[in-house]
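For reference, the chains in residue letters:
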Amino acid sequence: MTADQLEAELDNTASLLLARISSWLRLTYALGEPMALQLTAIGIFLRAAGSRRFLTEFLEVGGVETVVDILSMSGLTNNDKAAAIELLMSVAEAGRRYKELICDAGGILRVADFMRLPHASETILASAGSLLLSLGLDNPRFAKAVRGSLLGLLSFEHSITKQVACSTLRQLLLAVPADAVPDDVNGDFVEASLCLLQTSNIQVLHEADNLFEAISALPALQGAMLHALMDCFCELPGKKPGDEKPRSHPTCMKASAARALSSLLEKMPSDEREYHLSSLK
């Protein structure tokens, strides 16, 4: 329904009903009771066409802070998690000002921590990734924090979390103009992304290849990315006590690095490839 249709259906008491549901949520969410019903009902108001007034009313009673806090609670059901993420997405889609409100309420950290929770389903993790993507786009004040949170997720042991974080980070990098790369897009991206090569999960490695390509598309990081992949073939510097020979990377990591390096070089123009081959010796 549109906002006007909601008002007509509820005999011009839509704002009153929204206020009561919002109050119900704020008073009961800390008690550990199911919350999906309240969150879904509020979402109907916020997603209605022409619903900016409902959104304002929800924000004025601390609705965003409540939903962000819900994400940090233990014992949530999958329905509660999905409804909370969906409601925050509805707020974020309203524009930059509303994205900033979510971020000011600690939303970036809460969503990233949420993605580390055990037993989170693939669908819910994908929704959380979409929310972080929305918060990282057209939101310059918090874009750096979003990218940093995603970098931290690349080393998380859960393969689906890695896959979602990798895909989301790639989309954010693709949105960065090559001639206007932010200061935080530096060698840390290369270093953090290499941990993806330590898995044997095909889907994660596929997303890793795409991320490497996005990193290499930035002139400031292209050489660093290629050299880092090349270094995966080399012995690690120094020895651990008791080692008879220098440490080396795991074979699966070397194989993945070889495949990724081959793919990146193959897609380059011949003169550019020749230059990098010379640089890599």
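1. So, unusual backbone geometry
If a residue is not glycine, its phi is most likely negative; likewise, a peptide bond is most likely trans. At Asp-11, a residue that is not glycine, the phi angle is positive and equals roughly 55 degrees. In this structure, Asp-11 sits in the loop between α1 (3-9) and α2 (14-28). Classification of Asp-11 by relative accessible area gives exposed; the value is 63%. In this structure, Asp-138 takes a positive phi of about 55 degrees despite not being glycine. Along the chain, the position of Asp-138 falls in the loop between α9 (122-136) and α10 (143-153). Looking at Asp-138, the relative accessible area reads 64%, which means it is exposed.

2. Some thoughts on the packing of aromatic side chains
Following the criterion strictly, the structure yields 1 aromatic pair and no others. Note on Phe-45 and Phe-54: the rings are 5.4 Å apart at their centroids and 85 degrees apart in plane angle, and the pair reads as edge-to-face. Across this residue pair, the class does not change: Phe-45 and Phe-54 are buried.

3. So, the packing of helix α6 (residues 78-92) against helix α7 (residues 96-104)
Running from N to C, α6 and α7 point in directions that differ by 135 degrees, and their axes come no closer than 7 Å. What the angle tells us is that α6 and α7 run oblique. Counting all contacts with α6, which are made through Leu-88, Val-91 and Ala-92, the residues of α7 involved are Tyr-98, Lys-99 and Ile-102. Class assignment for the residues of the contact of α6 with α7 results in 5 nonpolar, no polar and 1 charged.

4. Thoughts on α7
All of the buried residues in α7 are Tyr-98, Lys-99, Glu-100, Ile-102 and Cys-103. Where α7 is buried, its residues contact α4 (52-60), α5 (63-71), α6, α8 (107-114) and α9. Just beyond α7, the residue with positive phi is Gly-106, at close to 85 degrees.

5. Some thoughts on the side chain of Ser-134
Here Ser-134 lies in helix α9. With residues near it in sequence (within four places) discarded, Ser-134 still touches Met-89, Ala-92 and Lys-99.

6. Considerations on the nonpolar core
Within the largest apolar cluster, 91 residues are counted, with the highest numbers of intra-cluster contacts made by Leu-39, Leu-154, Leu-197 and Leu-229. Looking at this core, the element that brings in the most residues is α6, giving 8 residues.

Definitions and cut-offs
Residues numbered from 1 in each chain as written. Predicted model: local features only at pLDDT ≥ 70, side-chain atom pairs only at ≥ 80, totals over all residues. Heavy atoms only, no water. Helix = DSSP H or I, 4+ residues; strand = E, 2+ residues; numbered from the N terminus. Buried < 20%, exposed > 50% of the residue type's maximum accessible area, 1.4 Å probe, protein only. Phe/Tyr/Trp six-rings, centres within 6.5 Å; stacked < 30°, edge-to-face > 60°. Axes fitted to C-alpha atoms, helices over the stretch in contact; angles between N-to-C directions. Parallel < 35°, antiparallel > 145°, perpendicular 65-115°, else oblique. Contact = heavy atoms within 4.5 Å. Nonpolar A, V, L, I, M, F, W, Y, C, P; charged D, E, K, R; others polar. Core = buried A, V, L, I, M, F, W, Y, C linked by side-chain atoms within 4.5 Å.

As far as function goes, none of this settles anything; it's purely spatial.
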